[in-house]
Amino acid sequence: MSKERFNGLDHLRAIAIVLVLLYHYRMFEHPKWVETIGWVGWTGVDLFFVLSGFLISSQLFREIRVHQKIQLGIFMTKRFFRIIPPYAFTLFLYFSISFFRERENLPPLWKFISFTQNYGLDVFNYGTFSHAWSLCIEEQFYLFLPLLLLFLLRVKAISHIQFIIPLLILISITLRYFSWTKYVFPDINTADFWRTWYMKIYYPTHTRLDGLAIGVLIGYLFSFSQKFRAAVDSYGNPLLLIGMLAVGLSLWFCKDQVSENTSFFGFTFVAISYGILVLGSISKSSVLSKRKYRITSQLAALSYSIYLSHKGIIHMVQWLLKKGDISTSGNVALFICFTACIITGLFYRLVIEKPSDQVKNLVLNNKK
């Protein structure tokens, strides 16, 4: 079964990794303009969530549509060889080479191995490799979604997914309200406020279901509704324009990232906005879908490895620049750091990801 290729999503994935890089670069010495625009970068993870929700669910829905089943072993094998080898190598760097650590303390290794590091994550005292929290959510999603779909297949209720998804979003909003009321608000005038907000609202899976859920809903409608797909294919550029306006409005709404309104509804607004952009990007009629650029396709291909390694690389490069009496707060240092991140991504691809992909193909061939 051939895999459908959406060129437009490469552009969005490239944008997402740039947003994340800018957001995290603020924790290092940086030019002033990075502080001015880099705050929007926290939504890069939300864009990744929407993309993952759509792409992963589309694969599963395609299998259901054609074969009326899900080959769970094959799905998990593909996910394992895509995710685990680069992640394991990054864990090796963090736990074996102290110079690679961008901060002092790491959470326990078992939390990374079990993909539960996003729960109880004290980012201020154990902030090294903290960005793995989003990978933990994605790994939990890779397990939960196929099991849910298998259950719905068994009870012949796969169409109920279109009602389950809004329910999950509503549950996530309710849980954010509960976390804000019980944990965050009592600390609002204390030094612990930011730590509590991250720990109770920003990092947990149950409070961050919006992006993945929106992606799955798009995947379902795009896979099973011909009318929906025809409409998307017909109005690609208008959807892109509406999506960009929606993203702008959602960012305005979320300008105070830790406010009460943002904590309740902001993640949902951002997810819906990026969902509209995804619709525009997968439309056959949109400008993003029709054009493939080497720079965005390459950045998209390297985005996972860059995401894993970028904090450690930036930390080491800035340390070396300081040793060479080169300013680390200017644009030149930023360019050098980002270039080093891309080179590291290429290293991951050649040394880890390509050999892993070859082993995956051997395993899958043996299964067949």
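Structure's up top.
So, here's what we can say about the structure. (Residues numbered from 1 in each chain as written. Predicted model: local features only at pLDDT ≥ 70, side-chain atom pairs only at ≥ 80, totals over all residues. Heavy atoms only, no water.)

## Describing helix 9 (residues 210–224)
Relative to the 21 Å expected for 15 residues at 1.5 Å per residue, helix 9 spans 21 Å between its end C-alpha atoms, a close match to the ideal helical length. By the burial criterion, the buried members of helix 9 are Asp210, Gly211, Leu212, Ala213, Ile214, Gly215, Val216, Ile218, Gly219, Tyr220, Phe222 and Ser223. In this fold, the buried residues of helix 9 make contact with helix 3 (43–67), helix 6 (133–154), helix 7 (161–184), helix 10 (226–234) and helix 12 (260–282). (Helix = DSSP H or I, 4+ residues; strand = E, 2+ residues; numbered from the N terminus. Expected span 1.5 Å × (residues − 1). Buried < 20%, exposed > 50% of the residue type's maximum accessible area, 1.4 Å probe, protein only. Contact = heavy atoms within 4.5 Å.)

## Notes on helix 1 (residues 7–25)
Counted at 1.5 Å a residue, the expected span for helix 1 with its 19 residues is 27 Å, and the 28 Å between its end C-alpha atoms agrees. Summarising burial for helix 1: 16 of the 19 residues are buried, a large majority.

## Re the environment of lysine 32
Within the element layout of this structure, lysine 32 appears in helix 2 (residues 32–38). Along the sequence, lysine 32 and serine 234 sit 202 residues apart, while their C-alpha atoms lie 42 Å from each other.

## Remarks on the side chain of lysine 111
Tracing the backbone through its elements, the reader meets lysine 111 in helix 5 (residues 109–113). The side chain of lysine 111 is buried and forms no salt bridge, while aspartate 122, the nearest opposite charge, is found at 10 Å. In contact with lysine 111, other than residues within four places in its own chain, are Thr116, Gln117, Tyr119 and Gly120. (Lys, Arg positive; Asp, Glu negative; His and termini not counted. Salt bridge = Lys/Arg side-chain N within 4 Å of Asp/Glu carboxyl O.)

## Comments concerning a nonpolar patch on the surface
Nonpolar side chains collect at one region of the surface, where Ile97, Phe99, Trp319 and Leu320 lie side by side and expose about 360 Å² of accessible area between them. Structurally, the position occupied by phenylalanine 99 is in the loop between helix 4 (72–96) and helix 5. When its relative accessible area of 32% is taken as the criterion, phenylalanine 99 is described as partly exposed. (Patch = residues over 30% accessible without salt bridge, like charges linked within 9 Å, V, L, I, M, F, W, Y side chains within 5 Å. Areas by Shrake-Rupley, 256 points an atom, 1.4 Å probe, with all protein chains shown as cover.)

## Thoughts on the pattern of salt bridges
Taken as a whole and judged by the stated rule, the model has nine salt bridges. Of the charged contacts in the structure, one is a salt bridge between arginine 176 and aspartate 210, with a shortest N-O distance of 2.8 Å. Of this pair, arginine 176 sits in helix 7 while aspartate 210 sits in helix 9, and the two are 34 residues apart along the sequence. Take arginine 176 and aspartate 210: they sit in the same class, and that class is buried. If you follow the salt bridges from partner to partner, you end up with Asp122, Asp192 and Arg195 in one network.

As far as function goes, none of this settles anything; it's purely spatial.
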